[in-house]
Amino acid sequence: MAYWLVKSEPDECGIEDFELQQDKASPWAGVRNYQARNFLRQMAVGDRVLIYHSSCRNIGIAGVVRVAREAYTDPSQFDPDSPYHDPKSDPEAPRWQAVDLVYERTLSSLIPLAHLKAEPGLSELPLVRKGSRLSVMPVTDHQWDVIQRMAG
DNA sequence: GCCAACGTTGGC
DNA sequence: GCCAACGTTGGC
């Protein structure tokens, strides 16, 4: 089993939205960055995914979800009404994939970005590197352990 | 709202 | 293939 972290704007889809769905999986769609997409493709059912809340009042890691379905064609790329529409994507060779994620737990208290940045064991995590915009990233076993410890 | 840093686009 | 211009991300 592998570990991952994804960024989300809680206004769009935060841990609370997964919690409301409980055992019902939700699509993680709209990724439009090649590096992030390549990581999505590597996700396997059962992998754990940290949900990071960005561009909001309380920035940081908020909870954990689980991969419920491996990568499949993201339908929003072909939907002209979707904000994620990609007119250059060829239906014969779709550019973008989505996965399905299902709720696992909400942290008792959010781990703020400042704490993540201050933790030496996380210095290699792309999330805390200056200017990093990667929205889907792998988390090593060690980084995972560090974060679990911080979560209490 | 500001703005630095980034990824992508497109002219050459 | 280079690189300037552009649009976006995301913390503050």
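The present account deals with the structure reproduced in this document. (Residues numbered from 1 in each chain as written. Chains lettered and ligands numbered in written order. Predicted model: local features only at pLDDT ≥ 70, side-chain atom pairs only at ≥ 80, totals over all residues. Heavy atoms only, no water.)

So, about the protein's contact with DNA strand B. Residues in close proximity to DNA strand B include N33, Y34, K88, K130, G131 and R133, which together make up its full environment. Of what DNA strand B places within 4 Å of the protein, 63% of the atoms are sugar or phosphate. Interatomic distance of 3.1 Å between a side-chain N/O atom of K130 and a phosphate oxygen of DNA strand B. (Near = heavy atom within 4 Å. Polar contact = N/O pair within 3.5 Å; in protein donor to acceptor, adjacent residues only side chain to side chain.)

Quick look at helix α3 (residues 34-42) now. Every buried residue of α3 is listed here: A36, R37, F39 and L40. Considered in projection along α3, the buried side chains sweep an arc of 160° and stay on one side of the axis. The inward-facing, buried residues of α3 abut β1 (3-8), β2 (26-28), β4 (60-73), β5 (97-112) and β6 (136-139). Where α3 begins, the side chain of N33 points an oxygen toward the backbone nitrogen of Q35, at a separation of 3.0 Å. (Buried < 20%, exposed > 50% of the residue type's maximum accessible area, 1.4 Å probe, protein only. Helix = DSSP H or I, 4+ residues; strand = E, 2+ residues; numbered from the N terminus. Arc of directions from axis to C-beta. Contact = heavy atoms within 4.5 Å.)

In the vicinity of DNA strand C, the contacting residues are K7, Y52, S54, S55, I59, L113, K117 and R133. Within 4 Å of the protein, the atoms of DNA strand C are drawn from sugar and phosphate moieties in a proportion of 80%. One of the side-chain nitrogen or oxygen atoms of K7 is found 2.7 Å away from a phosphate oxygen of DNA strand C. Between DNA strand C and the protein, one listed contact pairs a phosphate oxygen with a side-chain N or O atom of Y52 at 2.5 Å.

Strand order across the open sheet formed by 6 strands is β2-β5-β4-β3-β1-β6, with mixed pairing between neighbours. Of all the strands in the sheet, just β2 and β6 have a single pairing partner and so form its edges. Each strand of the sheet is rotated relative to its neighbour by a mean of 40°, with strand direction disregarded. As defined by bridge partners, β1 adjoins β6 across 4 bridges and the pair is classed as antiparallel. Residue pairing in the sheet places L5 in a bridge with M137 of β6. The sheet strands contacting helix α5 (residues 141-151) are β1, β3 (48-53), β4, β5 and β6, and the helix crosses β5 at an angle near 45°. (Pairing = 2+ DSSP bridges. Axes fitted to C-alpha atoms, helices over the stretch in contact; angles between N-to-C directions.)

An α-helix turns once every 3.6 residues. As a result, residues three or four positions apart point the same way. Among all positions of α5, only Q143, W144, V146, I147 and A151 are buried. On an axial view of α5, the arc spanned by its buried residues comes to 160°, and they lie on one face. Exposed residues lying more than 90 degrees from the buried face of α5 are D141, H142 and R149. Buried residues along α5 sit against β1, β3, β4, β5 and β6.

Under the counting rule described, the total for this entry stands at 4 salt bridges. Salt-bridge contacts for R48 lead to E104; the nearest nitrogen and oxygen are separated by 3.0 Å. One end of the pair, R48, is in strand β3; the other, E104, is in strand β5, and 56 residues separate them in sequence. Between D86 and R95 there is a salt bridge, and its shortest N-O distance comes to 3.4 Å. Several salt bridges share partner residues, and in doing so they unite R48, R66 and E104 into one network. (Salt bridge = Lys/Arg side-chain N within 4 Å of Asp/Glu carboxyl O.)

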